[in-house]
Amino acid sequence: MTSQFKNSINDYLEGLPEAVLTRLYQSPATCLAVFRLLPALARTLIMGMIFNPDPIAVADVDALVKPSSQRLKLETQKKLRLLHIFTETQAHIIINPTFKKNLRAALVGGDQNISFGVPCDTEDKHKVDVAFLDAHAVSQWEMILHFMVGTSIGRTPSDGVLNLLKHSGLMEPERGGLRITNAGFQFLLQDVNAQIWTLLLQYLNMSEYLQMDPVDVLNFIFMLGSLELGQDYSLSALSETQKHMLEDLRDYGIVYQRKASSRRFYPTRLATTLTSETAALRTASQSMEAATQDTISSSVAADSGFIILETNFRLYAYTESPLQIAVLNLFVNLKTRFANMVTGQINRDSVRFALSNGITAEQIITYLSVHAHPRMKGMEHVLPPTVVDQIKLWQLEMDRIRATDGYLFSEFKNFDEYKDVSTYAKELGVLLYENPGKRKFVSTLAGSQQIVEFVKRRNQKHRSSAN
Amino acid sequence: MPKATRGVLIECDPSIKALIVNIDSSQHNIILDELDDTHLMIHPSMVEVVKQKLNKMLAENTYNPNEEAAKATGK
């Protein structure tokens, strides 16, 4: 369950078969979105290639990368290979022609294409502005979050949303209702951008059951990422599948439509920041702030911090939001609740409880520092270093021992034999541990067979040379 | 001819190693080989047992202010 959150859109794309990816790359908007999601080195390599009509020699690629960054280069190449953007032959790297053509189309324009959405050419009689869209997105999204922690704010999300929450394992059915799972709590700690991606990925998985074409779904998601906020777009360019999706996305607050029968839709800020880097760095509160009070200066936005953490591990949170209290309850031992604040203590048990639910120390610390009270933000360290260190230590304590399956090789006849065999194991990369003083070493499970073979060969050779 | 023994390599602090040796001392059915201060080879089937016992021992050795407070008010 933990791993599903690390499952970013990149991992999802890497898992797709080549045929599906090639179909995806037929949309310039998708190519651009994939390009934007790639790490910096991958983008550099691609930029070096897409305007070159010939395949690039491997040596030229090496020249682009510093020798000290070889490992990074190999990782990048592997990633691009998995995305089927690169095909490598002996001496050349070939870039996927579909990807090349359409990324070029996206960058330099030219071809008439509708993959970036078609703006409505008629005036909307009920035109809405950016502030309205932001408010709409926040209210829809918070409704889902509030529903997850069980605080009703008068409205329940639609059946589509409930199905998705159930399907993704964020909530599970219980006594006629739904109950949040551990995975759901982890979900709450993430920033909004990561949350949306988590839901969209689940949506993708679910769409396969609903016999929706994943290529259509992905193209639409990537298209949304490239739309302009405040602009209305026409439904005419969308496929049937995409029109169906629009209804679901409306429930998440990703797009806005005045009526279900409306011929136009507006993307909200949740949609337009999907593939941009800046949004990915934002935390829950910041994205919401950005979404709600975009034009207000940051000093006002910073006032939303509500947590005071003392060096004695006591925590005071000036909030009455059930959502925030529920999140705090994940790793704080809450004691008293007042009209406008809750108090509690962070201790070993409360942190261990969170850790055993798959929440990391890093997530806790990030959450605390992002939501720190403005008075704490003014200090040299936002959070008391003792508390931060202790939370990290508690995490380390969770796994005090590291266990690896393997084979212990011992009782070597002499040091030469030990030396030969251990060197061989080291070259194979299966050596876990060695102690030359005691002539003992440990290999991985997989490597043991080869080592045994090596010892047999070596002994035979020695016997024959002795004869 | 060298000997190959199936087991689980444990990496830990010297203090934890001492605890594992202590756990082993009653029955001697856990440790296959004490490699050095921070490495041990143990029986594959005993890994979970060791982890459980370690957790219990470590929990006993931590100070819990809440319990302390509960005890104080209990008096």
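Values in this document were obtained by computation on a predicted structure and should not be read as measured data.

### Concerning the pairing of strand β1 (residues 3-11) of chain B
And step 1. Bridging between strand β13 (residues 402-410) of chain A and β1(B) involves nine bridges; their strand directions are antiparallel. Paired with T404(A) across the two strands is L9(B), which belongs to β1(B).
And step 2. Pairing between β1(B) and strand β3 (residues 39-42) of chain B: four bridges, direction antiparallel. Within the sheet, the bridge partner assigned to L9(B) lies in β3(B) and is M41(B).

### So, the sheet that holds strand β11 (residues 333-337) of chain A
All names here are of chain A.
And step 1. Pairing in this open sheet of four strands is antiparallel, and the strands run β9-β10-β12-β11 from one edge to the other. Either end of the sheet is taken by a strand with one partner, and the two such strands are β9 (307-309) and β11. Each adjacent strand pair in this sheet contributes to an overall mean axis angle of 20 degrees, direction not counted.
And step 2. The sheet contact formed by β9 and strand β10 (residues 314-317) spans three bridges and is antiparallel. Note that in β10 the partner of I308 across the bridge is Y316.

### Here we look at the pattern of salt bridges
All names here are of chain A.
And step 1. The tally for this structure, following the rule as stated, stands at 15 salt bridges over all chains.
And step 2. For R23, the salt bridge identified is with D213, shortest N-O distance 2.5 Å. Residue R23 is found in helix α3 (residues 18-24), and its partner D213 is found in the loop between α12 (192-209) and α13 (214-225); the two are separated by 190 residues along the sequence.
And step 3. Its relative accessible area of 39% is what places R23 among the partly exposed residues.
And step 4. Judged by relative accessible area, D213 falls into the partly exposed class, the value being 25%.
And step 5. Of the charged contacts in the structure, one is a salt bridge between R458 and D420, with a shortest N-O distance of 2.8 Å. Pair noted here: R458 is in helix α25 (residues 445-466) and D420 is in helix α24 (residues 415-428), with a separation of 38 residues, a long-range link.

### Looking at the confidence of the model for chain B
Low-confidence regions, as indicated by low pLDDT, have predicted coordinates that should not be scrutinised in detail.
And step 1. When pLDDT is averaged along chain B, the result is 81; 83% of the residues meet or exceed 70.
And step 2. By mean pLDDT, helix α3 (residues 65-74) of chain B is the weakest element of chain B at 58, and β3(B) is the strongest at 90.

Reading guide: rules and limits
- Per chain, the residues get numbers from 1 upward, laid out in the order the sequence is written.
- Written order determines the labels here, with chains lettered from A and ligands numbered from 1.
- Per-residue local features are limited, in this predicted model, to residues with pLDDT of at least 70; the limit for side-chain atom pairs, both in listing and counting, is 80 or more; totals at the level of whole chains, interfaces and linings are taken over all residues.
- Where side-chain values are given, they derive from all heavy atoms of the structure, hydrogens and water being excluded.
- The rule for pairing is simple: two strands pair if DSSP sees at least two bridges between them.
- In this description a helix means any DSSP run of H or I spanning at least four residues, a strand means any run of E spanning at least two, and both kinds are numbered starting from the N terminus.
- Where helices are involved, their axes are fitted lines through C-alpha atoms of the stretch in contact, as for all axes, and angles between N-to-C directions lie from 0 to 180°.
- When a carboxyl oxygen of Asp or Glu lies within 4 Å of a side-chain nitrogen of Lys or Arg, that pair is called a salt bridge.
- Residue exposure (1.4 Å probe, protein chains only): buried if accessible area is under 20% of the type maximum, exposed if over 50%, otherwise partly exposed.
- One confidence number per residue, pLDDT, is output by the predictor and ranges from 0 to 100.

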